Amino acid sequence: MKHVVLGLLALGDRHGYDVKRQYEARFPAAKPLAAAQVYATLERLERDGLVAQGGVDRAGGPDRTSYTATPAGRAELHRWLSEVEPPLPYVGAALLTKVTLAVLVADDAAAAGYLRRQRAAHLDRMRELTRLKSDPASSLAWVLAADYALNHLDADLQWIDTAMIRTADLSKEMRP
Amino acid sequence: MSERPRTATIVWLGARGGRADKARILATAAVTAVAVVGLLSAACVAWIGPGDGPYTSNLLMEPGLHPGVVIALVLLTVPVLALSGQCARIGAPARDRRLAAYRLGGATPRDVVRIVGAETGLAAGMGSVLGAGLFLLGRWLLDGPTTVVGTYTKTTIRNTGPDSQSILREDVVGRVHLLPTDVSLPWAVVAVVAVSLPLGTVLFSWLALHRVVVSPFGVVRRADVRPPRALPAAFFVIGTASLAVFSRIRSSSGLPNEAVPSVVAVVVALFLMCGVGMILGIAAISSFVGAFVASRTSSPALLIAARRLAAAPYTSSRANAVILLVAMIGGATQGVRANILVTTDPADTFYLDTLNLVNVVLMIAIVLAATGALVHTADTVVTSRQNLASLAAAGVPRAVLRRSLLLESLLPLAPATVLATAAGMLAVRGVLGTTDTVTHGPFRHQVIEVVHIPIPWIEMGILILGTLATTALMAWAALTFVRRSTDPRELRTTA
Amino acid sequence: MSRASQLPAPATAATISARGIVKSYGATPALREVSFRAEPGEIVAITGPSGSGKSTLLLCLAGILQPEAGEVWFAGRRIDDAGEEARSRMRRTVFGVLFQFGQLVAELTAAENVALPLLLSGARRREALAVARTGLDRVGVADLADVHPSQMSGGQAQRVAMARALVTRPDVLFADEPTGALDSLAGEQVLTELTRAARQGGTTVLLVTHEARVAAYADRELSLRDGVVDGPAHEVEYGPGR
């Protein structure tokens, strides 16, 4: 959050409400920001010396304090931009947790059964989405959304398929 | 709608090919035409009757020599027919793929057989009609200019008693034919020749079709990788060895010393065994030479050539088989020539003239057989263009590719030609013997002399080097296609 | 909707089924007693990892391969023991086949390729080509009628191949990884057209694939693993899955 506000201020001096509007213009599909959240963030940034208050703009309305990014703020922004995002640092999807626990608590046959049912459920959902996508009446927004979901479900299914082979191999190993 | 495709559809699908298919149809037609002309010429000589002639050549004047001339002409059609077989292989992989694609499109095996029959029959039929037409036209056109006034030897045979004849030879001046253009050939003979050749070609093409008919998917997706067998090579060795020691076996086993039918049959069978063994065994030689050279050479051209040989020994052996057959017959002919020249009167030029004529026929046969190598190499260059293009793209110079293609045809051919020529020679020496007797002197005072028949080293050398040089020249001529086949655009071709 | 209210399908309906199919390549078993049944108009995905025998099953059902044991039935007749001629004739009349690539005749134009099964069944050239053009139009490639396969993209070639497979309005369409050589968008178009055309014509489709997103176009899935049907026997569905 703090880096998003810093980044928007780096584009030019703005007052709080303007920051919110800019955010919505740049990231239209994201959840809108609450104004209070923006002001709180600006206060915190000012306290840390990353932004400073600029002039007061009173033209045609109530007083508005505009903010500007300090050199320290710009340095912090660039440090953050150059930092690599850790790729999926914690793997903890519900599907994974369930299968792992099934293997540990029950046995691999139970895990395989669970995987098979999950696979069927995934494929059912994929059929539904495919039908939706193939329907000439569907809008582009829906086709895009279906594509996104299908790709993720497909990734899950590929994992399930591999996991099924692995648990089968595991049971072969244990019962030669 | 009837169940079977219409004839128009069959003919259309048969004729609907690419550039290579058109080349194959034209080549088949041309070669069939040549074969028809050859066979009709042979028939013409065979049909020379007592009322025909006279001719300038003794070969045509002496009825006793006619079978020899006919056999020579018929034998000459063997390399022509083999060339036709080679022509049938032009673009064969692409055609097999096309036929397999027809099969995937719902064609039944019988449909494919009909399609191929239509294509080959059309090509060979066209050639046959063309050949017969050319022959008849040629006879009519040449009859005037080749009938000249000159001297010829007239032989009169008169029965002077129940068991005796007198033969009168006299030189006469009169109208004489260079060629037997005056022989009236029955139309039935022309028809039989003109129909049987295309029919044979169609039958042959059906035999070669087996794989496509049986497994269309195999043709589309896999190449054939049978390892060649060594058994034919054993046939060749045994046949040659038996012929080489033939006269010794004959004298020890008490078989008659004359050319009685049983002895002739055994000799012919052994010759066939040799020839067939060699034709089928050349694949084993190719495979062996390829593997042997490939694991030792450090020359890139040699390595590519050897690996290609080892990978596909059958493709090159098909082209080489006829060359080797001709080389073997050539070796045998030189053996016979040495024998005849030693045992006959050097003053009589008839034998030398005839033997020289035989050598001319042999040279024509070698050129025809080597034309098969041209067809084969050109086809190789065109069909493996994706491979060649990728080698060129990987930085192999075109000169290296050209050398490797030349080596690919010569590598197995060089040792095999030496073997084949030697086998022919050995066989003749084994059958006719290495010594013979010559009688000199006047009647009742004749001296019988035992002469050794020399091995005609020089003739053999000329034969071997000539064969290899002709083949190399033909293969080299085919390499003009290399530049086009190494175009980077060929990397994308799938056929 | 209760099952009882539906009339049972007549014995001659275009149902394709297999019982106890066994097939091996040399010493390697590909199918070990596989049974299967598809009702008319059903779209079934045959899935499994590579080497599971899914393509072999398809080729056996289409009469391209002959199984060593077991039976293949179509429309109330046994077809696996028929001769090669008869099976070839079925492939150009009541069956359609669609492969990953390489099935079009390179020397023929798109329209001629599509007309081929009709011509082989004895149709006149003019009529066959007219039907072929309609078929090309139906899968959206009418403009390719006079183009040769080498001048087409992979997706276009697959659409032409699909038009050919459907030109005789077959009862069963056998498709082996039909989008395996295509990018995902081209593959999606081919599959959309394929399922649409099949549903319109009441054609049964057997779709071999290793991809879940392709299998999602089918009504149900038959999963193979190591030459047998995957999963406990009671989970294997028979009959209409819709």
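Everything here concerns the structure above.
Since the model is a prediction, treat every value here as computed from it, not as a measurement.

Draft legend 1. How the structure looks around the overall build of chain B. When its secondary structure is counted, chain B shows 19 helices and four strands. In chain B, buried positions account for 45% of the 495 residues. Taken as a whole, chain B presents about 24900 Å² of accessible surface, with 69% of it coming from carbon and sulfur.

Draft legend 2. Representation of the packing of aromatic side chains in the model. All names here are of chain C. For the structure on display, the rule yields three aromatic pairs over all chains. Consider the rings of Phe 74 and Phe 95, whose centres lie 5.0 Å apart with planes at 75 degrees: the pair is edge-to-face. Linking Phe 74 in strand E4 (residues 69–74) with Phe 95 in strand E6 (residues 95–98), this pair joins segments that are 21 residues apart in sequence. Each member of the pair, Phe 74 as well as Phe 95, is classed as buried. Aromatic ring contacts, followed pair by pair, group Phe 74, Phe 95 and Phe 174 into a single cluster.

Draft legend 3. Broad picture of the sheet that holds strand E5 (residues 77–78) of chain C. Residue and element names in this part refer to chain C. Across the sheet, which stays open at both edges, the four strands sit in the order E2-E1-E4-E5 with antiparallel pairing between neighbours. Strands at the two margins of the open sheet, each flanked by one partner only, are strand E2 (28–38) and E5. Judged from the five bridges that link them, strand E1 (residues 16–25) and E4 form a sheet pairing that is antiparallel. When the sheet's bridge partners are listed, Ala 18 is paired in E4 with Val 72. Here helix H1 (residues 54–61) sits on the sheet and contacts E1, E2 and E4; the angle it forms with E1, its principal contact strand, is near 120 degrees.

Draft legend 4. A look at the sheet that holds strand E3 (residues 43–47) of chain C. All names here are of chain C. Pairing is mixed across the open sheet formed by six strands, whose spatial order is E6-E7-E8-E3-E9-E10. Edge positions in the open sheet fall to E6 and strand E10 (228–229), since each of these has one partner strand only. Most of the contacts of helix H5 (residues 154–166) go to E6, to which it runs at about 165 degrees, and overall it touches E6 and strand E7 (172–176). Along the sheet, helix H6 (residues 184–201) contacts E3, E6, E7 and strand E8 (204–209); its crossing angle with E8, the most-contacted strand, is approximately 155 degrees.

Draft legend 5. Geometry of the pattern of salt bridges. In total, this model carries 32 salt bridges over all chains according to the counting rule given. Between Arg 98 of chain B and Asp 21 of chain B there is a salt bridge, and its shortest N-O distance comes to 2.8 Å. Here Arg 98 of chain B is found in helix H5 (residues 92–104), whereas its partner Asp 21 of chain B is found in helix H2 (residues 19–46), with 77 residues between them in sequence. Side by side, Arg 98 of chain B and Asp 21 of chain B carry an identical accessibility label, which is buried. The partner of Arg 37 of chain C in a salt bridge is Glu 39 of chain C, and the shortest N-O contact between them spans 2.6 Å. When salt bridges with common partners are traced through the structure, they connect Asp 21, Arg 24, Arg 98 and Glu 119 of chain B into a single cluster.

Draft legend 6. Layout of the nonpolar core. Membership of the largest hydrophobic core comes to 59 residues, with the highest contact counts inside it found for Leu 13 and Tyr 102 of chain B together with Leu 136, Val 160 and Leu 194 of chain C. Counting residues per element, this core draws most heavily on helix H3 (residues 110–120) of chain C, which supplies eight residues. Setting aside residues no more than four positions away along its own chain, Leu 136 of chain C makes contact with Ala 110, Ala 111, Val 114, Val 141, Ala 142, Ala 145, Val 160 and Ala 163 of chain C.

Draft legend 7. How the structure looks around the interface of chain A and chain C. Between chain A and chain C, the contact holds 14 residues from the first and 17 residues from the second. Summed over both partners, the interface of chain A with chain C buries about 1300 Å², with 46% contributed by carbon and sulfur atoms. At the junction of chain A with chain C, the criterion picks out three salt bridges. Notably, a salt bridge pairs Arg 213 of chain C with Asp 154 of chain A, separated by 2.9 Å at the nearest N-O pair. Between chain A and chain C we count five residue pairs in polar contact (both at pLDDT 80 or more) in total. Of all elements in the fold, only helix H6 (108–134) and helix H7 (140–174) of chain A reach the threshold of two or more residues within the side of chain A that touches chain C. Residue contributions to the side of chain A that touches chain C peak at eight residues, all from H6 of chain A. Looking at the side of chain A that touches chain C residue by residue, the class counts come to five nonpolar, three polar and six charged.

Draft legend 8. Representation of the side chain of Glu 107 of chain C. With respect to the element layout, Glu 107 of chain C can be found in the loop between E6 and H3. Residues contacting Glu 107 of chain C, with those up to four places away along its chain left out, are Arg 16, Gly 17, Gly 18, Asp 21 and Arg 98 of chain B together with His 148 of chain C.

Draft legend 9. Layout of the packing of helix H12 (residues 261–294) of chain B against helix H17 (residues 398–432) of chain B. Residue and element names in this part refer to chain B. Orientation of H12 relative to H17, taken along the N-to-C sense of each, is 155 degrees, at an axis distance of 9 Å. By the angle between their axes, H12 is roughly antiparallel relative to H17. By crossing handedness, the relation of H12 to H17 is classed as right-handed. On H17, the residues that touch Val 267, Phe 271, Met 278, Ile 282, Ile 285, Ser 286, Val 289 and Val 293 of H12 are Leu 411, Pro 412, Ala 416, Leu 419, Ala 420, Ala 427, Val 428 and Val 431. Tallied by class, residues from the contact of H12 with H17 come to 15 nonpolar, one polar and no charged.

Draft legend 10. Layout of the interface of chain B and chain C. Contact residues are listed per partner, giving 28 residues for chain B and 29 residues for chain C. A buried area of about 2600 Å², summed over both sides, lies between chain B and chain C, and 57% of it is on carbon and sulfur atoms. Applying the counting criterion to the chain B and chain C interface returns three salt bridges. Among the ionic pairs, Arg 110 of chain B bridges to Glu 85 of chain C, the shortest N-O distance being 3.9 Å. The tally of links between chain B and chain C comes to seven residue pairs in polar contact (both at pLDDT 80 or more). Within the residue set of the side of chain B that touches chain C, elements represented by two or more residues are helix H1 (7–15), H5, helix H6 (109–143) and helix H9 (216–221) of chain B.

Draft legend 11. Layout of the environment of Ala 212 of chain C. Assignment of secondary structure puts Ala 212 of chain C in helix H7 (residues 212–215). On the basis of relative accessible area, Ala 212 of chain C is assigned to the buried category, the value being 9%. Residues Ala 212 of chain C and Ala 45 of chain C, 167 residues apart in the sequence, show an inter-C-alpha distance of 9.3 Å. Sequence-distant contacts of Ala 212 of chain C, that is, excluding residues within four places in its chain, are made with Leu 123, Met 126, Asp 154 and Leu 157 of chain A.

Draft legend 12. Examining the pairing of E8 of chain C more closely. Residue and element names in this part refer to chain C. Of all six residues making up E8, six are buried, and the element is well covered by its neighbours. Here E8 shows no split at all, with Thr 204, Leu 206 and Val 208 on one side and Val 205, Leu 207 and Thr 209 on the other all buried. For E3 and E8, the ladder comprises five bridges, and the chain directions are parallel. Pairing of Ala 45 across the sheet is with Leu 207, part of E8.

Draft legend 13. Region of the structure containing a nonpolar patch on the surface. Residues and elements named next belong to chain B. On the surface, Leu 130, Leu 134, Leu 137, Trp 140, Leu 141, Leu 142, Leu 178 and Leu 179 cluster together to form a nonpolar patch covering roughly 800 Å² of accessible area. With respect to the secondary-structure elements, Leu 130 resides in helix H6. With a relative accessible area of 47%, Leu 130 lands in the partly exposed category.

Reading the values: rules and limits
Residue indices begin from 1 for each chain and proceed along its sequence in written order. Note on labels: chains are lettered from A, ligands numbered from 1, in written order. The predicted origin of the model limits local features to residues at a pLDDT of at least 70 and limits the giving and counting of side-chain atom pairs to 80 or more, whereas totals for whole chains, interfaces and linings rest on all residues. Based on all heavy atoms of the structure, the side-chain values leave hydrogens and waters out of the count. Each helix is a run of DSSP H or I of at least 4 residues and each strand a run of E of at least 2, with the numbering of both proceeding from the N terminus. The cut-offs for exposure are 20% and 50% of the maximum accessible area for each residue type, with area from a 1.4 Å probe on protein chains only; residues under the lower value are buried, those over the upper are exposed, and the others partly exposed. Only the protein chains shown count as cover for residues, with accessible areas throughout obtained via the Shrake-Rupley method and a probe of 1.4 Å. Between the rings of Phe, Tyr and Trp (Trp by its six-membered ring), a pair exists once the centres lie within 6.5 Å; its type follows the angle of the planes, with under 30 degrees stacked, over 60 edge-to-face, and the other angles tilted. The pairing criterion for strands is at least two bridges between them, as found by DSSP. Throughout, a residue-residue contact means that at least one pair of heavy atoms, one from each residue, lies within 4.5 Å. Lines are fitted to the C-alpha atoms to define the axes, a helix being fitted only along its stretch in contact, and any angle between axes, read from their N-to-C directions, falls within 0 to 180 degrees. Should a side-chain nitrogen of Lys or Arg be within 4 Å of a carboxyl oxygen of Asp or Glu, the pair is scored as a salt bridge. In these notes, a set of buried Ala, Val, Leu, Ile, Met, Phe, Trp, Tyr and Cys residues joined through side-chain atoms within 4.5 Å is what counts as a nonpolar core. What counts as buried area is the accessible surface, traced by a 1.4 Å probe, that two parts surrender upon association, with contributions from both included. Any N or O atom pair separated by 3.5 Å or less is treated as a polar contact, with the protein-specific requirement of one donor-capable and one acceptor-capable atom, and with residues adjacent in sequence counted only for side-chain atom pairs. Amino acids are sorted into nonpolar (Ala, Val, Leu, Ile, Met, Phe, Trp, Tyr, Cys and Pro), charged (Asp, Glu, Lys and Arg) and polar (every other residue, Gly among them). Relative orientations are named as follows: roughly parallel for angles under 35 degrees, roughly antiparallel for angles over 145 degrees, roughly perpendicular for angles from 65 to 115 degrees, and oblique for any other angle. By definition, turning the near helix anticlockwise from the far helix through less than a right angle yields a left-handed crossing, and turning it clockwise yields a right-handed one. Only residues above 30% relative accessible area that lack a salt bridge enter a patch, with like-charged residues linked at up to 9 Å and the nonpolar side chains Val, Leu, Ile, Met, Phe, Trp and Tyr linked at up to 5 Å.

Note that every value here comes from positions in space, so none of it alone points to a role or purpose.
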